[in-house]
Structures are given as structure tokens and as C-alpha cells.
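Here are the chains, one letter per residue:
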Amino acid sequence: MKIDVIAIFPEILEMALHVGILKRAIDRGLLEVCLHNLRDFAEDNRRTIDDYPYGGESGMVLKPEPIFAAVRSLELKETTRVVFLTPQGKPFNQKMAERFSLGTHLILICGRYKGVDERVREKLITDEVSIGDYVLSGGEVPALVLIDAVGRVLPSALGDYESAQNDSFSRELLDHPHYTRPAEFEGMRVPDVLLSGHHQKIMDWRRNRSMEKTAEQRPDLLRKFKNNEVLD
Ligand code: ADE
């Protein structure tokens, strides 16, 4: 999987690529991430990448020329997906991360200010993705969220494959609580069932706690789960 990121502040993503699962995926050749500074594709000496919106309103819009030049500088494949990170996009979720992870090339375009000139959307962009119903100052953090979520589900990126399968949202319920040693800490005991060695009882306990957690935090998910609706 190759991911090209086009951003005004690509350095925001830099550090995260050097730690943890992403670093391992990169070191093992499963993932390649290339960061591109949009200003390098500006046409003037002042490296201008934005301009005033036509029609008169506040804010600035990313100009089309540098973005077209940046995308055209990359080697595109038939299956390349060009993803624009924007609060106007489709809500990102685990299914989407898994779908993206099956491809081989993503180009992530990070917006800033009021977004991009509409002609970029019309001609270049295949997917618009939002990481939630709030407005961040730019698409760099959302791009990192997407890279992290996609990178960790790449086939064999996780040391423990089973742990991805068991993630919240890989199944349709939220995760159950976890405990590790000591069995008692400051008067709080680990539930007896987890120490019982009784596999079926442990599975039942985890299932029930998952249901409770989901009812508490995400009643919308529990409803879908009970109605057997597929999450997409
Ligand atoms: N850019 C600014 N806010 C965003 C969000 N919530 N999701 C994706 N891109 C964004």
C-alpha cells in the first residue's frame, strides 16, 4: 500500500510514521507513506496556494493549480483513490478503513481554510471523507487518523491478527473491559469469572459487558446490532 499525502503542513504527520504499528508496517515494506508540501507546487515565487473566494465571502480557498500539479506529479494507477479530507465528507468508520486497506494506492489531500476550489473535487477527487461532525483547522490530523486506521488493518500489519478482528467496530459491538495483574489493586478486584479458567463463562461475561457498554455509550449501534443491520 502506498499513501501519498498532499498537505500545507505535512510535518504534522511526520512523527507518527516513526512509532508503533505504522513504523513496523513501513519497516516491513507493507506500507509506504510519502508526504508532499503543497507549496512546492505553487506557481509563483511567493508559493501562493490560496486565494479569495469568488462572489465575496470571508476566508480563503485552496487554488486549483498547485493541487492539480501535485496530483499530476504522482504515478497514478487505475485503482488509485484520491481522498479529500473535509467535514463535508462521508463519515469515516472501520468498514471504510478496511475497504481502503484492500487497495494499493491512496492520495490524501488535506484541506485548510474554506476548502478547495470545486474543480479539484470535480476532476480529481474520488472520495470525500470526514472523521467526525466537528471542524478542525485542517485535514492533516484527519489524514493521520485515516492512515493509522488503514495501516493497522493491512494484511499482517498487526502482530496479533486476532486483536484486529476483535476490535470494537470490527465486530458490531463496543469492546468489553480488560484487566491485567494484579488480581486486586487498591481494594478493587478483577471479576472472579476472569480468574475461573472457565472459557464459556468468560466468553459470556465479555459478551454481556460488551452489550452493556454499547447500550451505555452507543445505543444507536446496539439498535442496529439487534435489528441485524449491516454497518457501512
Ligand atoms: N478538515 C477539517 N475538519 C475535518 C473533519 N472533521 N474531517 C475531515 N477533514 C476535516
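Positions within a chain are numbered from 1, following the residues in the order the chain's sequence is written. A pLDDT threshold of at least 70 governs which residues receive local features in this predicted model, and a stricter bar of 80 or more applies before side-chain atom pairs are shown or counted, although totals over entire chains, interfaces and linings include all residues. Only hydrogens and water are set aside when side-chain values are computed; all heavy atoms of the structure are taken into account.

Peer 1: How should the overall build of the chain be read in this particular structure?
Peer 2: Broken down by element type, the chain carries 10 helices and nine strands. Its C-alpha atoms put the chain at 70 × 40 × 40 Å along the principal axes. A buried classification covers 41% of the 232 residues belonging to the chain. With an accessible surface of roughly 14200 Å², the chain has 50% of that area assigned to carbon and sulfur atoms. Under the convention used here, Asp and Glu are negative, Lys and Arg are positive, and both His and the chain ends fall outside the count. Charge positions come from single atoms, namely NZ of Lys, CZ of Arg, CG of Asp or CD of Glu. Across the chain, the centroid of the 32 positively charged side chains sits 3 Å from that of the 37 negatively charged ones. Strands are runs of DSSP state E lasting at least 2 residues, helices are runs of H or I lasting at least 4, and numbering of each runs from the N terminus. For each residue, the accessible area found with a 1.4 Å probe, counting protein chains only, is set against the maximum for its type, and the residue is called buried under 20%, exposed over 50%, and partly exposed in between. To measure how exposed things are, a 1.4 Å probe is used in the Shrake-Rupley method; for residues, cover is taken only from the protein chains shown.

Peer 1: Just to check I follow, could you spell out the site of the ligand for this structure?
Peer 2: If a single non-hydrogen atom of a residue is within 4 Å of a molecule or strand, that residue counts as near it. Around the ligand, the surrounding shell consists of Leu85, Thr86, Pro87, Val129, Ser130, Ile131, Gly132, Tyr134, Val135, Leu136, Gly138 and Pro142. We call two N or O atoms a polar contact when they sit within 3.5 Å, provided that within protein one can donate a hydrogen and the other can accept it, with sequence-adjacent residues counted only if both atoms are side-chain atoms. Note that a nitrogen atom of the ligand is positioned 2.8 Å from one of the backbone N or O atoms of Tyr134. Within the backbone of Leu136, a nitrogen or oxygen atom sits 3.0 Å from a nitrogen atom of the ligand. Of all elements in the fold, only strand S5 (81-91) and strand S7 (127-130) reach the threshold of two or more residues within the shell around the ligand.

Peer 1: What should I look at first to understand the side chain of Thr214 in this one?
Peer 2: Mapped onto the secondary structure, Thr214 falls in helix H9 (residues 199-217). At 2.6 Å, the side chain of Thr214 forms a polar contact with the backbone oxygen of Ser210. Residue contacts are defined here by distance: any two heavy atoms, one from each residue, within 4.5 Å place the two residues in contact. When residues no more than four places from it in sequence are discounted, the contact partners of Thr214 are Leu173, Leu174, Pro219, Leu221 and Leu222.

Peer 1: Got a minute to help me understand the environment of Asn37 in this structure?
Peer 2: Within the fold, Asn37 resides in strand S2 (residues 32-37). Each C-alpha atom, one on Asn37 and one on Ile8, is 5.5 Å from the other, the two residues being 29 residues apart in sequence. Ignoring any residue separated from it by four or fewer positions in sequence, one finds Asn37 in contact with Ala7, Ile8, Pro10 and Arg47. Of note is the side chain of Asn37, whose polar atom sits 2.9 Å from the backbone nitrogen of Arg39.

Peer 1: Please clarify how unusual backbone geometry should be interpreted in this entry.
Peer 2: Most of the time, phi is negative for any residue but glycine, and the peptide bond is trans. Each neighbour pair has its own omega, and for Arg181 with Pro182 the value is 10°, a cis peptide bond. The residue Pro182 is located in the loop between helix H7 (161-165) and strand S8 (184-185) in this model. Positive phi, close to 55°, is recorded for Tyr113, a residue that is not glycine. By secondary structure assignment, the location of Tyr113 is in the loop between strand S6 (105-110) and helix H5 (118-123). Positive phi values are uncommon outside glycine, yet Asn228 reaches one of about 65°.

Peer 1: Before we go on, may I ask you to explain the sheet that holds S7 in this structure?
Peer 2: Sheet strands pair via backbone hydrogen bonds, and the direction of the pair is either parallel or antiparallel. One open sheet holds the five strands; their spatial order is S2-S1-S6-S5-S7, and the pairing between them is parallel. Here the strands that pair on one side only, and so sit at the sheet edges, are S2 and S7. Taking the axes of each pair of neighbouring strands and ignoring which way they run, one obtains an average angle of 30° across the sheet. As paired strands, strand S1 (residues 2-7) and S6 are joined by five bridges and run parallel to one another. Criterion used throughout: strands pair if DSSP finds at least two bridges between them. Convention adopted: a line fitted to C-alpha atoms gives each axis, helices being fitted over their contacting stretch, and angles between N-to-C directions are expressed from 0 to 180 degrees.

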